[in-house]
Amino acid sequence: MRIAARTSSGANPALAVSPTWGNRLDQFLEANAGANWVPWAIILLGAVIRLLLLGMKPPHFDEGINGWFVDQMVKTGFYRYDPTNYHGPLHFYILFLSQTLLGRNLWALRLPVVFVSIVCVHLALRFEPFVGRNVSRVAALAMAISPGFIFYGRYSIHEVWLQLFSLLFILGLLGLWRLGTAKYLWCTGMGLAGMILTKETYIIHLGCAMMAVFVTGVSHLITPAADVKPARRSWTALDLTVVVLAAAAVIVFFYSGTFFNWGGVKGLYETFDTWFKTGKNGNGHEKPWPYWLELVLRYELPVLIGLFLCLACQFFKNVVIRYLAIYGVGVFAAYSIVHYKTPWCIISMVWPLLFVFAAAAASSNIPRKAFYLVTFAPVGFGLGALASYLFQPASVHAACDFPAYLREATKVTLAASSISPVCGDIGGTLFISAIAGALVAGGLGLLAGGTFVFEVSDNMMRLVQRGVTGLALAVSLAMAISLNYFHCSTETETYVYVQTYNDIFKLTRPLLALAKQDPTNYQLVGHLIRGSTYPFPWVLGDFPKVGYYEHDNLPDKLDAAFLLVQQDKIAEVESKLRDAYYTEPLTIRPYQDPSKLYLNAKVFERFYKGQVPQFAGKTARP
C-alpha cells in the first residue's frame, strides 16, 4: 500500500540543505557552551593519562635523590635546607607526608606531583572570568594532553610545583586587576610564597610578570584594548597584612626546617650566589640558547602555534591575552638566556602560550591582517632555516654540502642540540636565520592582509583555524601517548633526560619479589661497588644490609646475595668471589660506565630455573 507524500504548507517547496561539518561544530560548541560536564571531562582525561601505569618507568636519578632526602628527614625529623641544592624545601615535606601515609614505594613518591599536575589543569579552567569560557577550556585541554605536561607530571620533581604556583600567582594578579577581590589577593600571596618555597628560578617568573605589566601598558597605548580599567578594590589593608604575614610565616616555617634549623632561613638570599654561577656556567647541563625552541618544535605543537600567534598579540582585544602573550614570551626568552637548562623546566614557562593558542582557536572574529601574519610567519621560519646555510661560516660549508646540512639540521633540532658531528656548530645560526625569516614573512603577511591581492574568504580562514586547532590537539595527544607509554625511558627522546634505564629491573624485580614472599629477605646482604648509584639508595632503602662502595673501597667479605660492580672493578672483585652467580650486564643511566650484576645462585635460583650460573667462584668450581 502506497502512502502519498505530504504536501508542503509553504507557498514554495523548501530545498533540503545538509549542514556542513563547520556548522555542526558550531552547533555542538553552542549547545555545550554552558554544560558543566565539559570541565570535568577535561580534568578526568588529564587525570587518567597521568595516573595510568604510573610506575611503568623506573625512578629517575632526581627522584632517587629526592627520596633519599626524605629518608634523611625520617631520621632527623626535618629537612635541612641547603642553598646550593637549587630547590626549596616544600616538595620534600610533601613527599615525607606521602611516604608516611602510603609507604616507601614509587606510587607514594609520584602521587603528590600527579595530583598537582591535575590541579594545574583545573587552575587553567579558573582563568575563565578573564579569558572566556571557550578559551580557558581549550587551554586546559591542551595542557591536559600535552606530552611534556604529562611526562613531567608523572615525575616526582619540583618543577610541577613551580607550574602550579606560577599559575596561581598570575591568576591572582589578573583577579586583582579585573575583579579586585580579596580571594585573588590570597591567590597572589600564596602563589608567590609557593614559588619561593619551590625553586630559586621564581625570580625569573616574578621579574617577567612585573615587566609584562609595563609592556602591556605600552601595547595598549599603541593599539587600545577593551576593558583595561582596573576594578575597584574590595580588599582592605587588613586583608593585605594578613596575606603578607601568612605568606611570610609559611616561608619561614619550611625554610627553618619547621623551626629546627634557623640557619636555613638565610638560604633565601644565599642561594642566589650559587644559582647565578650555575646559570652562567651550566655545570654539566649547559645547553644552546635555541634549546627550548627545539623542544617545542619536536613535542609541543600548540605551544609553537602560540609562539607564532604572539607576533599578532596586538590584534587581541582582550588585554589579558596580550598580557599572557607578553609574559609567556618574556619567560621563554629569559630561560633561553640561562645556560643551565634541564627539559622539565619547560612546563613552568610555556603554559601562558597555551592561552594564546586557545584564544586564537576560540576566536569568532579573525582579523584578516592577523591571519596573514600568522600564516606567513611559519613559512618564513622554514625558509629562513633553509637559507641559514648561506650564513654559516666557511668551516660548515667545507664540512658538509647543502643536502648533508639539511639532514644534520634536522638531527640537531630533534636532539635539542646545537652541534652536529658532521657539520659542526650550526644551531645558533640556523635558528637566528629561521626567526628572522619568520619576522620578515610575518611583516609581509601583515602588508598582504591590508590588500585585496591575496583575498581569502572568512569561511576559508575559519576552516584553517579549525583544521589547525584540531590537528595540533590530535598530534599533541598522539605524541603524549607515544612518549609516556611506549618511549618513556627511550634515550633518543629529548624529554627523557638522564633517565634511569629499565636495566635496574634486572635487580629490583627479583629482589623485591623475594622480600614480598618472605620479609626476612629484607636482611639480604648486597654490595654496590661503583660510583653514583642513584636511584638505588632510595629503591633499596628498606634493605639495611646493602652497602655502597666508591673509589677503592671494598667490603671485607665480597660474597653476598647480590653485587653490582663497575666495569673497571670487575676483574678485582671476581678474583675474590667464592660463590656461584648468575650475571647480567646492567647500566643504570646514560653517560655512565656500565656495570655487571651478580645474583647469588643459592638465593636467586628460582628465577633462573634450568640455567647454569655464568660465574663460578673459587669454591663453587667443580
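Coordinates for the structure precede this section.
Residues numbered from 1 in each chain as written. Predicted model: local features only at pLDDT ≥ 70, side-chain atom pairs only at ≥ 80, totals over all residues. Heavy atoms only, no water.

**Points about unusual backbone geometry**
The condition is simple: Put simply, DSSP H or I for four residues or longer makes a helix, DSSP E for two residues or longer makes a strand, and each gets a number counted from the N terminus. The buried label goes to any residue with under 20% of its type's maximum accessible area, the exposed label to any with over 50%, and the partly exposed label to all in between, with areas taken from a 1.4 Å probe on protein chains only.
Omega for the peptide link from tyrosine 534 to proline 535 comes to 15°, which places this bond in the cis form. Inspection of the secondary structure assignment puts proline 535 in the loop between β3 (526-529) and α25 (536-539). Positive phi, close to 55°, is recorded for threonine 258, a residue that is not glycine. Accessibility expressed as a relative area gives 17% for threonine 258, which makes it buried. For phenylalanine 259, which is not glycine, the phi dihedral falls at a positive 75°. The residue phenylalanine 259 is located in the loop between α12 (237-255) and α13 (267-281) in this model.

**Some words on the state of the cysteines**
The cut-off we apply is this: Our working definition of a disulfide is a cysteine sulfur pair at a distance within 2.5 Å.
Under the defined criterion, the tally for this structure stands at one disulfide. Put simply, cysteine 400 and cysteine 423 are joined by a disulfide, and their sulfur atoms are 2.2 Å apart. Disulfide cysteine 400 to cysteine 423: torsion about the S-S bond roughly 130°, handedness right-handed. Of this pair, cysteine 400 sits in the loop between α20 (394-399) and α21 (402-414) while cysteine 423 is found in the loop between β1 (419-420) and β2 (424-425), placing the two residues 23 residues apart along the sequence. You'll find cysteine 400 and cysteine 423 in the same group, each marked buried.

**Examining empty space enclosed by the protein**
Note the threshold: Of the two site types, the cavity is a set of points on a 1 Å grid over the protein atoms alone where a 1.4 Å probe fits but cannot get out, and the pocket is an open set with protein on both sides within 12 Å along at least five of seven lines, each lined by residues with an atom within 4 Å of a point. Grid points are joined across faces, edges and corners, and a volume is the space filled by probe spheres set on the points. Classification used: nonpolar for Ala, Val, Leu, Ile, Met, Phe, Trp, Tyr, Cys and Pro, charged for Asp, Glu, Lys and Arg, polar for all others including Gly.
Under the criterion given, the structure shown has one cavity of 30 Å³ or more. Each pocket or cavity is described by its volume, and for the largest cavity that value is around 30 Å³. Lining the largest cavity are Tyr81, Ile196, Lys199, Glu200, Tyr202, Tyr255, Leu268 and Thr271. Residues that form the lining of the largest cavity fall into these classes: five nonpolar, one polar and two charged.

**Thoughts on the nonpolar core**
Condition: Nonpolar cores are built from buried Ala, Val, Leu, Ile, Met, Phe, Trp, Tyr and Cys residues. Side-chain atoms within 4.5 Å join them into one set. By the convention used here, residues are in contact when the closest approach between their heavy atoms is within 4.5 Å.
Of all hydrophobic cores here, the largest spans 141 residues; its most connected members are Phe127, Met143, Ile170, Trp292, Tyr327, Phe332 and Trp351. Here the element with the most residues in this core is helix α16 (residues 319-337); it accounts for twelve residues. The residues contacting isoleucine 170, other than those within four sequence positions of it, are Phe127, Ala209, Tyr323, Leu324, Tyr327 and Trp351. Counting 30 residues, the second-largest nonpolar core is a separate cluster that includes Leu511, Phe536, Phe543 and Leu564.

**Section: the pairing of strand β6 (residues 580-586)**
Here is the rule we go by: Only when DSSP finds a minimum of two bridges between them are two strands counted as paired.
With five of seven residues buried, β6 is to be regarded as a mostly interior element. Note: β6 against strand β8 (residues 615-616), two bridges, orientation antiparallel. Paired with alanine 580 across the bridge in β8 is alanine 616. As judged from the six bridges shared by β6 and strand β7 (residues 595-600), these two strands associate in the antiparallel manner. In the strand pairing of β7, proline 585 is matched with lysine 596.

**Quick look at the environment of valine 160**
Within the secondary structure layout, valine 160 lies in helix α9 (residues 159-178). Exposure remark for valine 160: the relative accessible area of 0% places this residue in the buried category.

**Structural notes on the packing of aromatic side chains**
We count it as follows: In summary, the pairing rule links any two rings of Phe, Tyr or Trp, Trp by its six-membered ring, whose centres are within 6.5 Å, and it sorts them by plane angle into stacked for under 30 degrees, edge-to-face for over 60 and tilted for everything else.
One pass over the full model with this rule turns up 41 aromatic pairs. Ring centres 5.5 Å apart and planes at 65° place the aromatic pair tryptophan 68 and phenylalanine 69 in the edge-to-face group. Accessibility expressed as a relative area gives 31% for tryptophan 68, which makes it partly exposed. Plain terms: the ring middles of tryptophan 344 and tyrosine 497 are 5.7 Å apart, the flat faces sit at 70° to each other, and that makes the pair edge-to-face. Of this pair, tryptophan 344 sits in the loop between α16 and α17 (346-349) while tyrosine 497 sits in the loop between α23 (458-485) and α24 (505-517), placing them 153 residues apart in sequence. For the pair shown, tryptophan 344 and tyrosine 497 are each scored as buried.

**As for the packing of helix α10 (residues 182-196) against α12**
Packed helices, taken two at a time, are described by the angle between their axes plus the distance between the axes. Here is the rule: Under this scheme, a helix contributes an axis fitted over its contacting stretch, all axes are lines through C-alpha atoms, and angles between N-to-C directions fall in the 0 to 180 degree range. Here the angle decides the label: under 35 degrees means roughly parallel, over 145 means roughly antiparallel, 65 to 115 means roughly perpendicular, and every other value means oblique. Handedness of each helix crossing follows the sense of rotation of the near helix against the far helix: counterclockwise by less than a right angle gives left-handed, clockwise gives right-handed.
The geometry of α10 relative to α12 is characterised by a closest axis approach of 9 Å and an angle of 20° between their N-to-C directions. As summarised for this structure, α10 and α12 are arranged roughly parallel, according to the angle between their axes. The two elements α10 and α12 meet at a crossing, and its hand is right-handed. The segment α10 lies against α12, with Ala182, Leu185, Trp186, Gly189, Met190, Ala193 and Ile196 engaging Asp239, Leu240, Val242, Val243, Ala246, Ala247, Ile251 and Tyr255. A per-class count over the contact of α10 with α12 returns 13 nonpolar, one polar and one charged.

**Some thoughts on the layout of surface pockets**
Its volume calculated, the largest pocket comes out at about 910 Å³. Lining the largest pocket we find 39 residues, and of these Leu309, Phe316, Ala360, Ala361 and Ile366 sit closest to its centre. Those elements that place two or more of their residues in the lining of the largest pocket are α7 (133-144), α15 (301-310), α18 (351-361), α19 (368-391) and α23. If one sorts the elements of the lining of the largest pocket by residue count, α23 sits on top with six residues. Its residues placed into classes, the lining of the largest pocket shows 26 nonpolar, eleven polar and two charged.

**What about the environment of alanine 139?**
Along the chain, the position of alanine 139 falls in helix α7. On the accessibility criterion, alanine 139 (0% relative accessible area) is buried. It is 7.4 Å that separates the C-alpha atoms of alanine 139 and phenylalanine 357, two residues lying 218 residues apart in sequence. Excluding residues within four positions of it along the chain, alanine 139 makes contact with Leu354, Phe355 and Ala358.

**Observations regarding the side chain of glutamate 574**
Selection criterion: Here a polar contact means two N or O atoms within 3.5 Å. Within protein one must be a hydrogen donor candidate and the other an acceptor candidate, and residues neighboring in sequence count only if both atoms are side-chain atoms.
The residue glutamate 574 is located in helix α26 (residues 570-574) in this model. Of note is the side chain of glutamate 574, whose polar atom sits 2.9 Å from the side chain of lysine 596. Sequence-distant contacts of glutamate 574, defined by excluding residues within four places in its chain, comprise Lys596, Tyr598 and Phe615.

**A few points about the pattern of salt bridges**
Note that side chains of opposite charge can pair when their charged atoms are close. To be explicit about the condition: We define a salt bridge as a contact between a side-chain nitrogen of Lys or Arg and a carboxyl oxygen of Asp or Glu at a distance within 4 Å.
The tally for this structure, following the rule as stated, stands at 13 salt bridges. Its salt-bridge partner being lysine 506, residue aspartate 503 comes within 3.4 Å of it at the nearest N-O pair. On the accessibility criterion, lysine 506 (24% relative accessible area) is partly exposed. Across the pair lysine 576 and glutamate 572 runs a salt bridge whose closest N-O atoms are separated by 3.7 Å. Accessibility expressed as a relative area gives 45% for lysine 576, which makes it partly exposed. Accessibility expressed as a relative area gives 35% for glutamate 572, which makes it partly exposed. Linked through salt bridges whose partners overlap, the residues forming this network are Asp71, Arg104 and Asp542.

**So, the sheet that holds β8**
Within a beta sheet, neighbouring strands are joined by backbone hydrogen bonds and run either parallel or antiparallel to one another. In space, the six strands of this open sheet follow the order β4-β3-β5-β7-β6-β8, with mixed pairing throughout. Both edges of this open sheet fall to β4 (546-549) and β8, since each of them pairs with a single strand only.

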